[in-house]
Amino acid sequence: MTPMLTLQEVEHIARLARLTLTDEEKERFRRQLSEILEYAARLQALDTGDILPTFSVLPPQNVLRADEIQRSLDTEDILRNAAKTEKHQFRVPPVLDIP
Amino acid sequence: MQYEPVIGLEIHAELLTRSKMFCGCPVVDFTQAPPNSAVCPVCAGMPGTLPVVNRQAVELALRVALALQCQIAPVSLFARKNYFYPDLPKGYQISQYEYPLAQHGKLPIQTADGERLIRIRRVHLEEDTGKLTHVIGEKESYSLVDLNRAGVPLLEIVTEPDIHTLEELRAFAEGMRHLLRVLGVNSGDMEKGVIRFEANVSLRTVGSAELGTRVEIKNLNSFRALIRATAYQIEQQMAALQRGETIEQETLGWDDTSEMTFSQRSKEEAHDYRYFPEPDLPPLVVEHAWLERVAASLPELPFARLKRFQTQYGLSAEDAALLIAEYLIADYFEETVQAAPGVAPRMIASWITGELFAWLNQSGERLEEIKVSPAGLGELLRLVAQDEINLNTAKTVLSEMLRTGRTAGQIVAERGLKQISDADQIARWVARVLAENPQELKSYLSGKETLINWFFGQVMRLAGGRADPQQLRQELEKQLQSMKSNSS
């Protein structure tokens, strides 16, 4: 039995994912995430010290492309999803506290 | 208590591919290209798109890994590094984490204290981010995002904390840039941000194996910023420790204008990147045959070439370093040595670093553009070595060769510049100059011996610069000596 996540841990994860949660949601996700963690914790009972992680179920075979240029999208198409633009760039809220 | 700095570096170098790391968008000059002109759904992070690895990026990374004598993983893995920042359209950067392309390498550096090996912890592939421009207005502030750079192949090289002085730091950073250029994987244009450094700085008591708390400084885009920021951080930590304070682990940015570090990312969030294997990419397999092919294509590495230039050609460390700084110049030197077997390599080196460099500076030409070939320079220097022309004449001839592209032989023959070593002729010129300048002669005889150089100049002028300088000096000394003995 792994201990339940704390409310602070849920808030931290939410902040990393830039999610705003209500108190009710925090409690709900705390329970759900804890259950997931508990489930995953069962696997930790197994000794996998000598086993290489299965990072892929595909045969180890490269999929590579040649270094060739393809046409990019037109700038106006790229900017079409932007909430705000300026000088052909995405305009976003300030991201750095500049000294 | 005595403290010593412990410095580790992260180097981010853009790889010189035509297209981006995971899509076919062209890699453009970010300082020139119109914003968002080289962006497609893949590098803009649109849903439903899939990345495909650029083979050439892997190949260039392998060049670096081999040159750094790393162990290269037969299978490595891409991973997602999750964090939110508007320069990262996907919300994660594709990087490598637990299973990097290469590990356990080393790069030799040379400082005044001798040769040292700086260990390389890892070399891995990732993608660059977009470029942010921060606009600070009176009413509101905001940032502008240009995604041209997003998805450009980036190589990350991480050292062990093996650097202990600013001199070593500079030698390593410059050595790394040189290596990347020589390998043809990076242009080395630091002002365009194609190489960026991050420094991890801590202090420890001298002799102790324990590392102090480290502070990470980001955004170091020039050697100057790297050295200044590290020096500043060492001073700060030194002062803090001497006041009895503890160092807090943090991430700092460097402000070039104020030359101060500033806190950049709040501590509790740093390094919480929630890495996991990239599900959209299969493992990267590097077969032995591929590795061997890349190994066979590597040029002689800078450190080896530096050593060889000293042992094989007897050059000083300084001259050797000047020549190999640009491989085209080093090649030019070696071709000249081949073309002129009778000429001392040291002499060829000093003509290249002296006269030729001066010409390149003054004319703005690149070495590939100049009108004098290695064979042409060799011919000129052979004439000097065989005393056919003297040094001053040779300089004049070389500058004409560089201007007109004619050969040394043509210029010397046409302008009658061949050195005169007829002893009688030289004796007559010396006698005439002494006779025509009785005032100076008197001063000389009464002890103002430096005038000998003035006389030398006068005779050389009379000879049209063509007299054999050694013979001239001997003759001048002989005649002055006999006058001295007569007058005393």
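Scroll up a little and you will see the structure.
Now for a look at the structure at hand. Bear in mind that the values here come from a model prediction, so they are computed numbers and not experimental data. (Residues numbered from 1 in each chain as written. Chains lettered and ligands numbered in written order. Predicted model: local features only at pLDDT ≥ 70, side-chain atom pairs only at ≥ 80, totals over all residues. Heavy atoms only, no water.)

1. A short note on the overall build of chain A
The number of helices and strands found in chain A is three helices and three strands. Reading the helices (α) and strands (β) of chain A from amino to carboxyl end gives α-α-β-α-β-β. Its C-alpha atoms give chain A a radius of gyration of 22 Å, more than 25% over the compact-globule value 13 Å for 99 residues. For chain A, the spread of C-alpha atoms along the three principal axes comes to 55 × 45 × 30 Å. Considering only contacts in chain A between residues 6 or more positions apart, those separated by 24 or more positions represent 39%. On chain A, roughly 8,200 Å² of surface is accessible, and the fraction owed to carbon and sulfur atoms is 55%. (Helix = DSSP H or I, 4+ residues; strand = E, 2+ residues; numbered from the N terminus. Rg over C-alpha atoms; globule rule 2.2 N^0.38 Å. Contact = heavy atoms within 4.5 Å. Areas by Shrake-Rupley, 256 points an atom, 1.4 Å probe, with all protein chains shown as cover.)

2. Considering the interface of chain A and chain B
Each partner contributes residues to the interface: chain A has 38 residues there, and chain B has 53 residues. Interface area for chain A against chain B, summed over the two sides, is near 4,200 Å², with a carbon-plus-sulfur share of 62%. Viewed at the interface, chain B and chain A are joined by one salt bridge. We note a salt bridge from B:Glu140 to A:Arg91, for which the minimum N-O separation is 2.6 Å. Counting the contacts that link chain A with chain B gives 17 residue pairs in polar contact (both at pLDDT 80 or more). (Buried area = accessible area lost by both parts, 1.4 Å probe. Salt bridge = Lys/Arg side-chain N within 4 Å of Asp/Glu carboxyl O. Polar contact = N/O pair within 3.5 Å; in protein donor to acceptor, adjacent residues only side chain to side chain.)

3. Some details on empty space enclosed by the protein
A complete count under the given rule lists three cavities of 30 Å³ or more for this structure. Quantified by volume, the largest cavity comes out at close to 60 Å³. Lining the largest cavity, in full, are B:Val42, B:Cys43, B:Leu88, B:Pro89, B:Lys90, B:Glu127, B:Asp128, B:Thr129, B:Ala150 and B:Gly151. Class assignment for the residues of the lining of the largest cavity results in five nonpolar, two polar and three charged. Volume-wise, the second largest cavity comes out at about 40 Å³. Around the second largest cavity sit A:Asn62, A:Val63, A:Leu64, B:Val53, B:Phe78, B:Leu281, B:Pro282, B:Pro283 and B:Leu284, which together line it. Broken down by class, the residue content of the lining of the second largest cavity amounts to eight nonpolar, one polar and no charged. (1 Å grid on protein atoms, 1.4 Å probe; cavity = no way out; pocket = protein on both sides within 12 Å on 5 of 7 lines; lining within 4 Å. Points joined across faces, edges and corners; volume = space filled by probe spheres on them. Nonpolar A, V, L, I, M, F, W, Y, C, P; charged D, E, K, R; others polar.)

4. Observations concerning the packing of helix α1 (residues 7-16) of chain A against helix α2 (residues 23-43) of chain A
Residue and element names in this part refer to chain A. Relative to each other, α1 and α2 sit at 100 degrees, their axes nearing to 10 Å. In this view, α1 runs roughly perpendicular relative to α2, as classed from their interaxial angle. Each of Leu7, Val10 and Glu11 in α1 lies in contact with α2, whose residues at this interface are Lys26, Glu27 and Arg30. (Axes fitted to C-alpha atoms, helices over the stretch in contact; angles between N-to-C directions. Parallel < 35°, antiparallel > 145°, perpendicular 65-115°, else oblique.)

5. A few points about the sheet that holds strand β5 (residues 78-82) of chain B
Residue and element names in this part refer to chain B. Pairing in this open sheet of three strands is antiparallel, and the strands run β6-β5-β16 from one edge to the other. Either end of the sheet is taken by a strand with one partner, and the two such strands are β6 (92-96) and β16 (276-277). Bridge analysis of β5 against β16 gives two bridges, and the strand direction is antiparallel. Looking at β16, one finds that Arg80 is bridged to Phe276. (Pairing = 2+ DSSP bridges.)

6. Comments concerning the layout of surface pockets
All names here are of chain B. Estimates place the volume of the second largest pocket at around 760 Å³. Taken together, 27 residues make up the lining of the second largest pocket; nearest its centre are Gly175, His178, Pro302, Leu306 and Ile324. Only β7 (102-111), α2 (166-182), α5 (302-313) and α6 (317-324) provide two or more residues apiece to the lining of the second largest pocket. The dominant element in the lining of the second largest pocket, judged by the number of residues it contributes, is α2, at seven residues. In the lining of the second largest pocket, the residues fall into 16 nonpolar, five polar and six charged. Inspection of the lining of the second largest pocket shows a minimum of three residues originating in each of domain 1 (3-295) and domain 2 (300-415). (Domains from an automatic or database assignment.)

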